[in-house]
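Summary of structural features
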Amino acid sequence: YYWPSPTEHDRLLARFEAQIPADAPLSTMPSLHPHLSHRQFLYRFPVIAESQYVLLDVAAQSGWAVHPVEMRDEVDTLLASGDWTVQDAADGYLLLRRLDPASPEVPVTTLPAEFFTFAKPAGQPQHPTDITFDNQLKLVGYDIIDDEEWRQTGVRLYWQALEPLPPDLQLYAAFLTPDGETVDSSEPRPLIQPIWYPPSAWPVGETVVTHKLPWSLPGE
């Protein structure tokens, strides 16, 4: 059996675990459950119940209990309530803490710049391209991401904004068979980064990566 080596992103989880008291009820996503299953009270997000903390990894390639757009909506709802604050966030990890109603603490509801590093490339694309859309956006390359254990395939796309992008711009990615049949697309399994970091916020000329959640594909 092949055990993948931990990445820098994987190692970053320890920073967030250390901030959650051992006896505090926690809500988290399935991909993080194995690291936190020793806790007495552990809920599957979006179930909150009496949780005092919520820990998410929006950069995860698997282990989602809800659709990624629904996850973003749930986070927005929690932060808009005034009862929760951003405790810490980095590289796609997000830790929310429930505020004490008697506390005068002002909740933090904006995500820090460090959160968005999961949209930065870690290297050069496996397959460079030079494809421009409407003279606004360039696809500079892509990686094919195979999950051999689950026999699923995803894709990592590398983009550069050539000019400020409009607020209504949405990216779409799909896998097609040789005869043109769509067998997977970003409608059911979206590109993750734009949900949190929309193209309209991308700096001109800066490379941004987007991951599409994997799916089982046919042979061609």
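Here we summarise the structure given alongside this text. From a predicted model like this one, the values you see are computed outputs, not experimental measurements. (Residues numbered from 1 in each chain as written. Predicted model: local features only at pLDDT ≥ 70, side-chain atom pairs only at ≥ 80, totals over all residues. Heavy atoms only, no water.)

1. Here's the deal with helix 1 (residues 8-17)
For the record, the criterion: Partly exposed describes any residue whose relative accessible area lies between the buried limit of under 20% and the exposed limit of over 50%, with all areas from a 1.4 Å probe on protein chains only and scaled to the type maximum. For the purposes of this entry, the term helix denotes a DSSP run of H or I that reaches at least four residues, the term strand denotes a run of E that reaches at least two, and both are numbered from the N terminus. Relevant arc is that of directions from the helix axis to the C-beta atoms, nothing else. The contact rule is simple, with two residues in contact once any of their heavy atoms fall within 4.5 Å.
Taken together, the buried positions of helix 1 are His 9, Leu 12, Leu 13 and Phe 16. Looking straight down helix 1, one finds its buried side chains confined to an arc of 125°; they lie on one side. Residues of helix 1 that are buried make contact with helix 2 (33-36), strand 3 (53-57), strand 4 (84-90) and strand 5 (93-98).

2. Section: the pattern of salt bridges
Close approach of charged atoms lets side chains of opposite charge pair. Stated formally: A pairing counts as a salt bridge when a side-chain nitrogen of Lys or Arg comes within 4 Å of a carboxyl oxygen of Asp or Glu.
The tally for this structure, following the rule as stated, stands at 10 salt bridges. Here Glu 206 and Lys 120 are joined by a salt bridge, their closest N and O atoms 3.5 Å apart. Of this pair, Glu 206 sits in the loop between helix 4 (193-196) and strand 11 (207-215) while Lys 120 sits in the loop between strand 5 and strand 6 (127-133), and the two are 86 residues apart along the sequence. According to the relative accessible area criterion, Glu 206 is partly exposed, its value standing at 29%. Using a relative accessible area of 45% as the deciding quantity, one classes Lys 120 as partly exposed. Sharing partners across several salt bridges, the network here consists of Arg 15, Asp 88 and Glu 114.

3. Overview of the pairing of strand 3
Note the cut-off: A pair of strands is labelled paired if DSSP reports no fewer than 2 bridges between them.
For strand 3, the buried fraction is high: 5 of the 5 residues fall into the buried class. Burial along strand 3 is two-sided: the face carrying Tyr 53, Leu 55 and Asp 57 and the face carrying Val 54 and Leu 56 are both buried. Bridge count between strand 1 (residues 26-28) and strand 3: 3 bridges; the pairing is parallel. Pairing of Ser 27 across the sheet is with Val 54, part of strand 3.

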